[in-house]
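Tertiary structure, described
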Amino acid sequence: MRPSGQSDKKSRHIAENLRLLQGGRALFPALIEAIDAAAGWVQMETYLFDVFGAGADVANALIRAAQRGVTVQVLVDGIGSHPLPPEWQEKMRAAGVDWCVYSPLASNWAILQPLAWRRLHRKLCVIDQRTVFCGGINILDDFYDPNHGPLEEPRFDFAVSATGAIAVDAAEAVTLLWWRVQAGYSARQRNFGTAWDEFKAAGYGGRTASTLEPAKPSAAGAGQPVVHAALVLRDNLRNRSSIEKSYLKAIGHARQEILIANAYFLPGGKLRRALISAARRGVKVTVLLQGKYEYFMQYHASRPVYDALLKEGIEIHAYAKSFLHAKVAVIDGHWATVGSSNLDPLSLLLAREANVIIEGVTFARELRECLHSAVALQGGRIEHAAHIARPRTQRMLDWFAYGVMRSLLWVTGKRY
């Protein structure tokens, strides 16, 4: 069985029970319900796991599952997630939750090493190989930020859930990364299919789990539109540009509208040229970005690229109601993507990412309506004249951040 994302050819499946989930307020109840119904296996990957508020509800659901004998595996990033409070560590340990940290830093200085910037940024959860959740939402309360404290308005973000064959793809991908982290072997030296079989034979990490038959794909019901979905992964092996290529292909075929919402937007030359080319052939291109920003570097480094886009008629809107954390797009009312990948060098060149690509008018319409509402009600349009006339000190900060970002990429050997 070949793991999803291990070739450039994406595995498309008929999407079953596909749901768009806006924010943690929609995701977490659905996620908890699925975890509470798990029969044998819960696999979770997240960049950030915080046990404040709604995060504690998810943590307790994982504990309940482990206590009733379900294999529960949680992989968090070594930079994104701080260590759990001691009382929560003890709860997880006592329940039997398998908790693992991806690429922890040996010291504070280790972050200066370029390899340390290759982070686990995926947000995936797979239940019994039957249900998958994928998106940009960390296990983090909508109304709380670890660096900024309580939020007056919820974070703007999305995830999707689906059942069927796409969940099997996700289970394979999560399993193989878990196996690599646990065993410490090099993917270049092991056969992926063999590793998957070995891992299943070992009882999912050494703990007893039920023998589960993955859900089999079924055709759409009579009169129901067929929706296809594919899990697209980015890693530093064979899938270095898979997500970017998906965007480029969809943008290249666009004829009417491109609508993007992205938290950290610093597209490289190929993406910029693709967006500009689309605008020149009459496609309406709208980009919704952070107005209230979380991180200085990503926010300011992106602004020098605005000029080239704005002068071609591309609309850029700044979402200021709360933090925008979404990584989504809709093109021509039928192609959509929801996932963890920003359109910036950290996501497209360094991090492990996971997006779901959806081909379906109904789903695309729902996401499009959400984004257009945010643009109309919470987005402030950035005018070209105002952008080029911004204060000199701000322009200097923008170019300083952009220069630092490019220098860091040069250190890693990447060109963007």
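Please read all numbers here as calculations on a predicted model, not as lab measurements.

Next up on the list: the overall build of the chain. Looking only at helices and strands, the chain has 14 helices and 18 strands in total. Relative to its 416 residues, the chain shows a buried fraction of 57%. If you take every contact in the chain between residues at least 6 apart in sequence, the share linking residues at least 24 apart comes to 82%. For the chain, the accessible area works out to roughly 17600 Å², and carbon and sulfur atoms hold 53% of it.

If you trace the seven strands from one edge of the open sheet to the other, you get β2-β10-β7-β6-β3-β4-β5, paired in mixed fashion. Both outer strands of the open sheet, β2 (16-22) and β5 (98-102), are each paired with one neighbouring strand and no more. Each neighbouring strand pair of the sheet contributes to a mean axis angle of 10 degrees, computed without reference to strand direction. The strands touched by helix α2 (residues 54-67) within the sheet are β3 (41-46) and β4 (71-77), with β4 carrying the most contacts at an inclination of about 145 degrees.

A contiguous nonpolar surface patch, about 360 Å² in accessible area, is contributed by Tyr293, Phe296, Leu397 and Phe400. Take phenylalanine 296: it is sitting in helix α9 (residues 296-302). Given a relative accessible area of 33%, phenylalanine 296 falls into the partly exposed group.

Phe156, Phe158, Leu231, Leu367 and Leu371 are the most contacted members of the largest nonpolar core, which totals 41 residues. Residues Leu275, Val287, Leu309 and Tyr402 belong to the second largest nonpolar core, which totals 38 residues.

This paragraph deals with the side chain of glutamine 290. Within the fold, glutamine 290 resides in strand β13 (residues 284-290). Assessed through its relative accessible area of 4%, glutamine 290 is described here as buried. A polar contact is formed between the side chain of glutamine 290 and the side chain of glutamate 294, at a distance of 3.2 Å. A polar contact is formed between the side chain of glutamine 290 and the backbone oxygen of leucine 324, at a distance of 2.9 Å. Aside from chain neighbours lying at most four places away, what touches glutamine 290 is Asn262, Ala263, Tyr264, Tyr299, Ala318, Tyr319 and Leu324.

Scanning all chains against the criterion turns up eight aromatic pairs. Taken together, a centroid distance of 4.2 Å and an interplanar angle of 15 degrees make the contact between tyrosine 293 and tyrosine 299 stacked. Classification of tyrosine 299 as buried rests on a relative accessible area of 13%. By the ring-pair criterion, three or more aromatic residues cluster together here, those being Phe156, Phe158 and Tyr319. Over the ring of phenylalanine 323 we find lysine 292; its NZ or CZ atom is 5.0 Å from the centre of that ring.

According to the stated counting rule, one finds 13 salt bridges in the structure shown. Measuring nitrogen to oxygen at the nearest pair gives 2.7 Å for the salt bridge that ties arginine 122 to glutamate 45. Taken together, the residues arginine 122 in the loop between β5 and β6 (124-127) and glutamate 45 in strand β3 connect sequence positions 77 residues apart. Residue arginine 122 is classed as buried on the basis of its relative accessible area of 2%. For the salt bridge of aspartate 145 with arginine 155, the shortest nitrogen-to-oxygen distance reads 3.7 Å. Of the two residues, aspartate 145 is situated in strand β8 (residues 144-145) and arginine 155 in the loop between β9 (149-150) and β10 (158-163); the sequence distance between them amounts to ten residues. According to the relative accessible area criterion, aspartate 145 is buried, its value standing at 3%. Residues joined in a network through salt bridges with shared partners are Lys284, Glu315 and Arg381.

Taken together, the nine strands give an open sheet; going across it, the order is β1-β11-β17-β16-β15-β12-β13-β14-β18, and neighbouring strands pair in mixed fashion. Either end of the sheet is taken by a strand with one partner, and the two such strands are β1 (12-14) and β18 (379-381). Each adjacent strand pair in this sheet contributes to an overall mean axis angle of 20 degrees, direction not counted. Bridging between β13 and strand β14 (residues 315-319) involves five bridges; their strand directions are parallel. Paired with leucine 289 across the two strands is alanine 318, which belongs to β14.

About the criteria used
Residues numbered from 1 in each chain as written. Predicted model: local features only at pLDDT ≥ 70, side-chain atom pairs only at ≥ 80, totals over all residues. Heavy atoms only, no water. Helix = DSSP H or I, 4+ residues; strand = E, 2+ residues; numbered from the N terminus. Buried < 20%, exposed > 50% of the residue type's maximum accessible area, 1.4 Å probe, protein only. Contact = heavy atoms within 4.5 Å. Areas by Shrake-Rupley, 256 points an atom, 1.4 Å probe, with all protein chains shown as cover. Pairing = 2+ DSSP bridges. Axes fitted to C-alpha atoms, helices over the stretch in contact; angles between N-to-C directions. Patch = residues over 30% accessible without salt bridge, like charges linked within 9 Å, V, L, I, M, F, W, Y side chains within 5 Å. Salt bridge = Lys/Arg side-chain N within 4 Å of Asp/Glu carboxyl O. Core = buried A, V, L, I, M, F, W, Y, C linked by side-chain atoms within 4.5 Å. Polar contact = N/O pair within 3.5 Å; in protein donor to acceptor, adjacent residues only side chain to side chain. Phe/Tyr/Trp six-rings, centres within 6.5 Å; stacked < 30°, edge-to-face > 60°. Lys NZ or Arg CZ within 6 Å of the ring centre and 35° of its normal.

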